[in-house]
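# Structural overview
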Amino acid sequence: MRRTVLKSLLATAVLAATAGLPAAQAADKEIVIGGSIPMSGVFAFAGIGIHAGIQDYVKMTNDAGGIEGHMLRYVPEDSAYKVDQSVAAFKKITSQNKVNFYYGDSTAFSKTINPELDRAGSMIMSGASFATELNDPQKFPYQFIAGPDYTQQFGILLRYIAQQKPGAKVAFVYSDTEFGRDPIESSRGVAKELGLNVAIEIMTPPGAVDVSTEMAKLRRARADYTIFHGYILGPIPEFISQSRQLGLQTQFMGTFWTMDNSTVMQMGEAAEGFMGVMPYNYYYDDSASAPMLEKIRSMRTEYQNVPYIQGFLSAMLYAESARRTLAAGQEMSAANLKAALNSIENFDTGGLIGVPISIRGNTIPVGRIYRADVQAKRMVPASDWIVLE
Amino acid sequence: MRIGTARSSYRHDESLFDSRTQHAWLAVLAVALLGFPFFADEYWLYLACLVAINIASTTGLNILTGYTGLVSLGQAAFMGIGAYTVAALEQKLGTPVLLNLLAGGFVAMLGGLVVGLPSLRVKGLYLAIATIAASVVLHFVFANWHSVTGGHAGITVAPAEILGVSFDTSFRLYWLFVPITALMVLGAANLFRTRIGRAFIAIRDRDISAEVLGIPLLRYKLLSFGLSSFYAGVAGGMWAYFFRVVTPESFPLIMSIFFLAAVIVGGMGTILGAILGAVFMTMVPEALKLIVGWLPLSADATLILSPVRTIVFGALIVGFLVFEPLGLQEIWRRIRRFFHLWPFRA
């Protein structure tokens, strides 16, 4: 047995040692999309969707002849949602390929890799993070978010609330994490500007299960609307079921990572009437203005989650900025690609987003409010598209 | 001891590396380490730097857990102290890199001394829980001491700079990290040839007997905690210069478990064990990725094999614990012993 262990160890070592051999160089007429994708680990549910989304868009574009004679090539690596492994993946992919676009898996990765992007000056990046901090073209010149940042998501929710019930009382419930705290401070001012009253802010410890103390605070605040942020699912169902038992009249709302159809439906009966902001149309949107979703449905017959749409849209925006850069006869440098991205005005995403989009700064500040319909097991639109200025 | 290594003087008897073969192999290792950056690409250099940082921290934990027998799950938090110290010094005072790293080590050491206090009363699992509690407290401090730690958003660290040279690539950082780690490992190896190191081992083997022998338990247990945290602090400082962003979420509990696993897989209570353990724990997930990458499979296979890889990694660790409880260093020792008599005995 020991010999076998030794042999397998030796084999691993030899394989690892020879892996440094230069990989096939990227062909000249090729646009490479690299990605640290969390295909395993706690964020795998999103990573798997993102991976499929990018993969499908790349396939679709290449089947249609590529971009100005250039084929797209997607090079993913599993990051396990760990920063050190994400950076390792980045180093591996960028040292073996001439990467033009990169997809990162987390805020921590986006911040960590930023100096590398600045130094390389050859690629632009988006990712799974909607962190407000990244929406700063000065500090993060070669990054963007394929949607609204968390503060903008709050802004969309608050605008909707202000329209529905001027002067409403709002509660913010968030987790004690970087993700949870992200939009809270900046959204206080937004709420005030809109004439809303932030009645209470409740911070829960990460992974909190028992929320009875927080529930008591929420009850006293008597908020008309309660916005959750910094969670995927738990402890939102607990809050909702306790508030129903107490007969609390408040409208619960969530942000992007809670708002996938499957996540909301996991709440069971508690999901009924749950609302939230979503920058994209859902997979099943069959309106005439969404031909791209029709194509997606023809490629994948089973439901694809919102990270899929986010990955798909990211790849679409990579391709569009490459197309514009190449059409202008410019070099595919980070500065040119980002400038091309920022030149996108009233761009039709084929219905991934219901209105034409423009990319100002590092985000696409647009979204729509949806409401859960448990009977139909779907999220249904509760507002028109809201575009922040 | 190797055949034919007759020790003819006390000096020879005390030497760390006592045979010519060892010297020759050390020279080969030195040449390999010196030459590596010129042949490796950015990816391998990145992994080399990461391995260097992990070796430094694992060696520190090995002093505490492997040699003194005190189980700690606070190593990542101590690394956090070092990283925050370095980041804050770099950001607010702009002090020299080496001074920052030393300061990171010393501040972590102070933290270690405080956390080590319960070690006089509690041992084993109880101590492990006490160190977890300490790491929770430290996490809270990192997240809430805004003026120093920058709260949840953390601190962005400028690249290390020595004599005008900016250490902003893995190639350059390699030349900073590998010598520091080598010094730390050498220091640890020498520590166990001194009174202090032997006292640690005596405490591990039987602390009451050690006390009877005249070893003051509190002082030596705290010293062990302090030294271990110093190593973690310096490793954390290197981590800060390497990743350049330090947030409270950079040093989770799982990272402490990673280091404890590295000590156990490598072989507790041996210097080589800590090195092999750190290399194993860092490199095997990457090696598995490479192997999966070479298999002639479609892109979708990457997706399917990702969880499989995690399972294989876990199974490898369990396999080692079952079939080689003395760790990787024992396998290494057996290979060495085989070659001691080679080719005279197969």
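Residues numbered from 1 in each chain as written. Chains lettered and ligands numbered in written order. Predicted model: local features only at pLDDT ≥ 70, side-chain atom pairs only at ≥ 80, totals over all residues. Heavy atoms only, no water.

As annotated in an unreviewed UniProt entry, chain B carries the name Branched-chain amino acid ABC transporter permease and comes from Thauera mechernichensis. The Subcellular location (unreviewed entry) comment attached to chain B in UniProt states, word for word, "Cell membrane". (UniProt positions renumbered as here; feature names shortened; annotations may be inferred.)

## Points about the interface of chain A and chain B
Opposite the 37 residues of chain A that make contact, chain B presents 41 residues. Between Glu42 of chain B and Lys91 of chain A there is a salt bridge; the shortest N-O distance is 2.8 Å. Applying the counting criterion to the chain A and chain B interface returns 8 residue pairs in polar contact (both at pLDDT 80 or more). Counting only elements with at least two residues in the side of chain A that touches chain B, the list comes to α1 (2-18), α2 (44-63), β2 (71-78), α3 (83-96), α4 (107-120) and α6 (178-181) of chain A. Residue contributions to the side of chain A that touches chain B peak at 9 residues, all from α3 of chain A. (Contact = heavy atoms within 4.5 Å. Salt bridge = Lys/Arg side-chain N within 4 Å of Asp/Glu carboxyl O. Polar contact = N/O pair within 3.5 Å; in protein donor to acceptor, adjacent residues only side chain to side chain. Helix = DSSP H or I, 4+ residues; strand = E, 2+ residues; numbered from the N terminus.)

## Some details on the pattern of salt bridges
Residue and element names in this part refer to chain A. In total, this model carries 23 salt bridges over all chains according to the counting rule given. A salt bridge links Lys165 to Asp224; the shortest N-O distance between them is 3.0 Å. Of this pair, Lys165 sits in the loop between α5 (150-164) and β5 (169-175) while Asp224 sits in the loop between α8 (212-221) and β7 (225-229); the two residues are 59 residues apart in sequence, bridging distant segments of the chain. In this structure Lys165 comes out as partly exposed when scored by relative accessible area, which is 38%. What makes Asp224 partly exposed here is its relative accessible area of 21%. For Glu320, the salt bridge identified is with Arg324, shortest N-O distance 2.8 Å. (Buried < 20%, exposed > 50% of the residue type's maximum accessible area, 1.4 Å probe, protein only.)

## So, helix α12 (residues 306-327) of chain A
All names here are of chain A. A rise of 1.5 Å per residue sets the reference length of α12, with its 22 residues, at 32 Å; its end C-alpha atoms lie 31 Å apart and thus fit the reference within 8%. For α12, a buried count of 19 out of 22 residues is recorded, marking the element as mostly surrounded by other parts of the structure. In the segment just after α12, Gly329 is the residue with positive phi, at about 70 degrees. (Expected span 1.5 Å × (residues − 1).)

## Considering the pairing of β7 of chain A
Residue and element names in this part refer to chain A. With 5 of 5 residues buried, β7 lies mostly within the body of the structure. Burial along β7 is two-sided: Tyr225, Ile227 and His229 and Thr226 and Phe228, pointing in opposite directions, are all buried. Examined bridge by bridge, β7 and strand β8 (residues 251-254) share 3 bridges and lie parallel to one another. What sits directly across from Tyr225, in β8, is Gln251. (Pairing = 2+ DSSP bridges.)

## A few points about a nonpolar patch on the surface
Residues and elements named next belong to chain B. On the surface, a cluster of nonpolar side chains totalling about 390 Å² of accessible area is made up of Phe17, Leu26, Leu29, Leu33 and Leu186. Here the element with the most residues in the nonpolar patch is helix α2 (residues 20-39); it accounts for 3 residues. Its location among the elements puts Phe17 in the loop between α1 (10-14) and α2. (Patch = residues over 30% accessible without salt bridge, like charges linked within 9 Å, V, L, I, M, F, W, Y side chains within 5 Å. Areas by Shrake-Rupley, 256 points an atom, 1.4 Å probe, with all protein chains shown as cover.)

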